[in-house]
Amino acid sequence: MKRYWPWALVVLLASVPLWLTDFYLLHILITTGIFMIAAMSLNLLLGYTGQLSLGHVAFFGIGAYTSALVALGFEVHILPEYTISLAPKPVWFAMLMGVVVAGLTGYAIGKLSFRVRGAYFVIVSISFAEVVRLVAVNWVELTQGPMALNNIPALTLGAAGWEVSFLRKPAFYSLVLVVGVICYIVIARLVDSRAGRAMIALRENESLAMSVGIDVTRYLVLATVVSAAMAGMAGSLYTHYIRIVDPDIFLFVYTVTMVIMVVTGGKGTLAGPVVGGALFGAIPEVLRAFAIAPEVQWMIYGILMILVVYFLPRGIIPAVEDYLAGRKKRTQATKNALADSGAPRP
Amino acid sequence: MGELVQHLLNATVLGGTYALLGIGLTLIFGIMRVVNFTHGELYAFGAYCMYALVMMMGVNFYVALVLATLMGVALGAAVEVLLLSRLRGADIDTTMLVMIGAWIVLQNTEQLVWSGVALSIHNPFPAEPFVFGPLSVSWNRVFVFLAAIALIASTYYIINKTKLGKAMRATFQDRNTAALMGVRIGRIHTATFALGSGLAASAGALLGPVFVVAPTMGDMAAAKAFAIVILGGLGNITGATLGGFILAFVEELGAGYISSGYRDAMGFLLIIIILLVKPTGLFAQKERIG
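Keep in mind that this is a model prediction, so the values were computed, not measured.

A. Looking closely at the overall build of chain B. When helices and strands are tallied, chain B shows 11 helices and 2 strands. Across chain B, helices and strands are ordered from the amino to the carboxyl terminus as α-α-α-α-β-β-α-α-α-α-α-α-α. In terms of overall size, chain B behaves like a compact globule, its C-alpha atoms giving a radius of gyration of 19 Å where 290 residues would be expected to give roughly 19 Å. Each of the three principal axes of chain B carries a C-alpha extent, and together these read 60 × 50 × 35 Å. Considering chain B as a whole, with its 290 residues, one finds that 52% of them fall into the buried category. Partitioning the intrachain contacts of chain B with sequence separation of at least 6 by distance along the chain shows that 75% fall at a separation of at least 24.

Shown next as structure tokens:
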């Protein structure tokens, strides 16, 4: 039974475009879904390998920019006599490139930054995101800098005559749902595999993991590549949905949003980022109803983050699991006690 | 040639405040094992205190500097007592998350109170720069440099010569043994965080009148402070002092001869190069990779 209710949830979510006519709510669901995918990818690093990557938004942004640039085409003068140009490509190919480039960046960053751990790694990951942001601001010829890339095409699939356009919200919502489910399954399969057990082992005790022959750096880099590619996918979905991308996509607050989602939901659990993502997708809308300033919203985020660390240090999902397990144990204990005393069953 | 010397002079002047920022951060990490994300906000807090005192209340410039630093010390102590004192012995990721939360709260409070408009602070120094041959530097910056050097020297004095400093060094070397010798670890933590925060606030109070005061000024300061402590090795005070000057030289020369748009990226590029060549920082002894 327990195996089937996630699928029931997916079916319920898939039916949303059929009955939800409010496009504003659909928009909220789409952006929440995109951030959920990003949070799931962060969870692979933060939750399963235990590396707090605070530069995660860089992969998201690289996916977004790559996808936008491949779809729009570009021309860059590297040297006065040397020019690189690219004609516009179909959107599905652009999105694929977004994933690939983000994954390759993840490989390079993983190789470079896993020479260090702990506080060093955190600072290196922040620095990396900041360098990427500064490049996006300053390399105006490629990225248009703060003027932003505009008129990014929407995704269409299929051959002429039988085209499916993902311009409208219901169609795009379904796309996000499909990608989200695929990402969830990929992560679930990965953490359940030999590689996933290696990751968890090195999170728990790196020296011990090394001593039993686990190639720690190799698995860390693997996790980074998968995680970065997935964040790049989220970024390219975002770019072809919003259809404008500027350097603000690299702001640290987006990383913080992802971290809050993962930590609140429960890092190192499959459902954690989904629950955290849903929660922090809904909170801004609830707060909007009270018409409060965005600064206050962020202050509430900050306070929530502190409270979660104090009172739910492992997040919502493990807390709920503990509670359910405890209740099961208690009811079982009561039943046993009743059976032992020979009293009639209630 | 004159241009190069001018760049070197500017870098030296800037390096003093960078070192001040770096020392505060590295002290807190070394003794408390806390990556302090509020450091940049304490820097902004110092600058805003300066604005409130000088521009709104008409307090004397020098008195305001002292008061802003003391307010930074008080805010730092408050953050430590309220948030960190309950988390002693928690792992580094846990305290990091709490500090990120505190950073978001502080920054948005500043934004709410002062709005996003950049503010400027008057200073009492003559407008025409101090000229020496082909070189020139504003009197304000000369003062900032001298004040920073004085603050760095007093920090060294506190750490190396006073009883408090001795207790701090003992905690840094071995907290359990220090506790057994009667050092009150909790108080040392509060004092360390307050001292580090005071240094950040004083850097903000000194640089506020040089640049403009804006709510996001803390982010850049924090990013630079992180770069500086990585350069010097986390927890290494001399490393942070030298790292501050190195970052200033690299930025100034990079902005002058390569590209001014990437001025703020220089520190990060430096970090990446350091990690490739010597991951433990330039001045690390041992035990630097956590």
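B. Inspection of the overall build of chain A at higher detail. In terms of helices and strands, chain A carries 15 helices and 4 strands. Compactness check: chain A gives a C-alpha radius of gyration of 22 Å against a globular reference of 20 Å for 346 residues, within 12% of the reference. Across its three principal directions, the C-alpha atoms of chain A cover 90 × 55 × 45 Å. When contacts within chain A are restricted to residue pairs at least 6 apart in sequence, long-range pairs at least 24 apart make up 76% of them.

C. Representation of the interface of chain B and chain A. Counting residues at the interface gives 36 residues for chain B and 32 residues for chain A. Looking at the side of chain B that touches chain A, the elements that each hand over two or more residues are helix H4 (92-114), helix H9 (217-232) and helix H11 (266-277) of chain B. Sort the elements by how many residues they give to the side of chain B that touches chain A and H4(B) lands first, with 15 residues. Per-class residue counts for the side of chain B that touches chain A are 27 nonpolar, 7 polar and 2 charged.

D. Broad picture of the environment of B:Thr69. Within the secondary structure, B:Thr69 is located in helix H3 (residues 61-84). Ignoring any residue separated from it by four or fewer positions in sequence, one finds B:Thr69 in contact with B:Gly46, B:Gly198, B:Ala201, B:Ser202 and B:Ala205.

E. Highlighting helix H6 (residues 163-173) of chain B. All names here are of chain B. Every buried residue belonging to H6 is among Ala167, Met168 and Thr171, and all of these are buried. End-on, the buried residues of H6 take up no more than an arc of 100 degrees, which puts them together on one face. Where H6 is buried, its residues contact helix H1 (2-32), helix H5 (139-161), helix H7 (175-180) and helix H8 (185-207).

F. Geometry of the nonpolar core. A:Ala38, A:Ala234, B:Leu21, B:Ala47 and B:Met50 are the most contacted members of the largest nonpolar core, which has 197 residues in total. Here the element with the most residues in this core is helix H11 (residues 216-242) of chain A; it accounts for 16 residues. Not counting the four nearest positions on each side in its chain, B:Met50 is found in contact with B:Ala64, B:Ala68, B:Ile121, B:Ala205, B:Gly208 and B:Pro209.

G. Region of interest: the environment of A:Gly326. Mapped onto the fold, A:Gly326 is located in helix H15 (residues 316-341). Sequence separation of A:Gly326 and A:Ser236 is 90 residues, and the distance between their C-alpha atoms is 43 Å.

H. The arrangement of the packing of helix H6 (residues 118-138) of chain A against H11(B) in detail. Two elements in contact, H6(A) and H11(B), have axes separated by 9 Å at closest approach and are oriented at 135 degrees. Between H6(A) and H11(B), the interaxial angle falls into the category oblique. The handedness of the crossing between H6(A) and H11(B) is left-handed. On H11(B), the residues that touch A:Val124, A:Ser127, A:Glu130 and A:Val131 of H6(A) are B:Phe268, B:Leu269, B:Ile271 and B:Leu275. A per-class count over the contact of H6(A) with H11(B) returns 6 nonpolar, 1 polar and 1 charged.

I. Highlighting the pairing of strand E1 (residues 74-79) of chain A. Residue and element names in this part refer to chain A. By the criterion of burial, E1 is predominantly exposed, with just 0 of the 6 residues buried. Two strands pair when backbone bridges link them, and E1 and strand E2 (residues 82-86) are joined in this way by 5 bridges, in the antiparallel orientation. Paired with Val76 across the two strands is Ile84, which belongs to E2. Here E1 folds back onto E2 in antiparallel fashion, the turn holding 2 residues.

J. Examining the confidence of the model for chain A more closely. Looking at chain A, pLDDT values average 84 and 95% of them are 70 or higher. For chain A, strand E4 (residues 164-165) of chain A is the element with the lowest average pLDDT, namely 74, and helix H4 (residues 56-72) of chain A is the one with the highest, namely 92.

K. Layout of unusual backbone geometry. The backbone phi angle of A:Ala148 is positive, close to 75 degrees, even though this residue is not glycine. Checked against the element boundaries, A:Ala148 lands in the loop between helix H7 (140-143) and strand E3 (156-157). Positive phi is not limited to glycine here, since B:Arg33 has a value of about 60 degrees. Along the chain, B:Arg33 falls in the loop between H1 and helix H2 (39-56).

L. Region of interest: the packing of helix H8 (residues 169-191) of chain A against H11(A). Residue and element names in this part refer to chain A. It is the contact of H8 with H11, at a shortest axis distance of 12 Å, that shows an interaxial angle of 175 degrees. By the angle class used here, H8 and H11 are roughly antiparallel. Here Phe172, Val176, Val179, Cys183 and Leu190 of H8 come into contact with H11, specifically with Val226, Met230, Met233, Leu237 and Tyr241. Looking at the contact of H8 with H11 residue by residue, the classes come out as 10 nonpolar, no polar and no charged.

M. Examining the confidence of the model for chain B more closely. Residue and element names in this part refer to chain B. Put simply, chain B has an average pLDDT of 86, and 96% of its residues get 70 or more. The least confident element of chain B, judged by mean pLDDT, is H11 at 78; the most confident is H3 at 94. Across residues 286-290, confidence stays below pLDDT 50; counting only partners more than four residues off in sequence or on other chains, it has 14 contacts. Model confidence for the complex: the whole-complex pTM is 0.85, and ipTM, which rates the interface, is 0.83.

Rules of the game
Residues numbered from 1 in each chain as written. Chains lettered and ligands numbered in written order. Predicted model: local features only at pLDDT ≥ 70, side-chain atom pairs only at ≥ 80, totals over all residues. Helix = DSSP H or I, 4+ residues; strand = E, 2+ residues; numbered from the N terminus. Rg over C-alpha atoms; globule rule 2.2 N^0.38 Å. Buried ≥ 20, exposed ≤ 12 C-beta atoms within 10 Å, placed from the backbone. Contact = placed C-beta atoms within 7 Å. Nonpolar A, V, L, I, M, F, W, Y, C, P; charged D, E, K, R; others polar. Arc of directions from axis to C-beta. Core = buried A, V, L, I, M, F, W, Y, C linked by C-beta atoms within 7 Å. Axes fitted to C-alpha atoms, helices over the stretch in contact; angles between N-to-C directions. Parallel < 35°, antiparallel > 145°, perpendicular 65-115°, else oblique. Left-handed = near helix turned anticlockwise from the far one by under 90°. Pairing = 2+ DSSP bridges. pLDDT = per-residue confidence, 0-100.

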